[in-house]
Amino acid sequence: SCSVVCRRWYRRQKPSSLHSKKSREELMQPRNAESRYWKWKEGITVHYAKAESKIPSDIAVVLLHGFGVASFHYESQFLPLSEAGYTVYAMDNVGA
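Residues numbered from 1 in each chain as written. Predicted model: local features only at pLDDT ≥ 70, side-chain atom pairs only at ≥ 80, totals over all residues. Heavy atoms only, no water.

Draft legend 1. Representation of the overall build of the protein. Helices and strands together make up the secondary structure of the protein, namely 4 helices and 4 strands. Each helix (α) and strand (β) of the protein, taken in turn from the N terminus, gives the series α-α-α-β-β-β-α-β. A burial count over the protein gives 23% of its 96 residues as buried. Taking the contacts inside the protein whose residues are at least 6 apart along the sequence as the reference set, 62% of them involve residues at least 24 apart. (Helix = DSSP H or I, 4+ residues; strand = E, 2+ residues; numbered from the N terminus. Buried < 20%, exposed > 50% of the residue type's maximum accessible area, 1.4 Å probe, protein only. Contact = heavy atoms within 4.5 Å.)

Draft legend 2. View of the pairing of strand β3 (residues 60-64). With 5 bridges joining them, β3 and strand β4 (residues 87-91) adopt parallel strand pairing. Bridging from a neighbouring strand, Leu63 pairs with Ala90 of β4. You can see the chain leave β3, run along helix α4 (residues 75-83) and come back into β4, and the turn it takes is right-handed. (Pairing = 2+ DSSP bridges. Right-handed = clockwise from strand over helix to strand, strands pointing away.)

Draft legend 3. Molecular detail of the sheet that holds strand β1 (residues 34-41). Read from one edge of the open sheet, 4 strands run β1-β2-β4-β3, paired in mixed fashion. Each end of this open sheet is capped by a strand with a single partner; those strands are β1 and β3. Strand after strand, the sheet turns through a mean of 30° between neighbouring axes, direction not considered. Both strand β2 (residues 44-51) and β4 contribute to a ladder of 4 bridges, which runs antiparallel. Paired with Ala49 across the two strands is Ala90, which belongs to β4. Lying on the sheet, α4 is in contact with β2, β3 and β4; it crosses β4 at an angle near 155°. (Axes fitted to C-alpha atoms, helices over the stretch in contact; angles between N-to-C directions.)

Draft legend 4. Quick look at the side chain of Ser71. Positionally, Ser71 belongs in the loop between β3 and α4. Exposure remark for Ser71: the relative accessible area of 0% places this residue in the buried category. Residues in contact with Ser71, not counting those within four places in the same chain, are His47, His65, Phe78, Ala90, Met91 and Asp92.

Draft legend 5. Geometry of the packing of aromatic side chains. Applying the stated criterion across every chain yields a total of 1 aromatic pair. Ring geometry for Tyr48 against Tyr89: centres 6.3 Å apart, planes inclined by 40°, an arrangement best described as tilted. Here Tyr48 is found in strand β2, whereas its partner Tyr89 is found in strand β4, with 41 residues between them in sequence. (Phe/Tyr/Trp six-rings, centres within 6.5 Å; stacked < 30°, edge-to-face > 60°.)

Draft legend 6. Here's a closer look at the pairing of β1. In this sheet, β2 lies alongside β1 in antiparallel orientation, the contact comprising 7 bridges. Bridging from a neighbouring strand, Arg36 pairs with Tyr48 of β2. Once β1 ends, the chain turns through 2 residues before running back antiparallel as β2, passing Gly43 with a positive phi of about 85°.

Encoded structure:
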């Protein structure tokens, strides 16, 4: 038999959000940035995230990911960099 502590732990391990089906678009939406698309070539659209600078500035930072991740990988960097005065872009590599 499972104790009260055991039942609470088990409920936290299986949040109801895991049971819902989320689209790839919902999962890729970064926090603290706006999701955008750029039509690069015929039939190829590139997703990128953009966080506007919180301080007027002409300086931008471009974050490029490696194999196995995408622009959402940088979501924890969007807010600090934009608050520091940078406009932040994180592009998804074609095929990611």
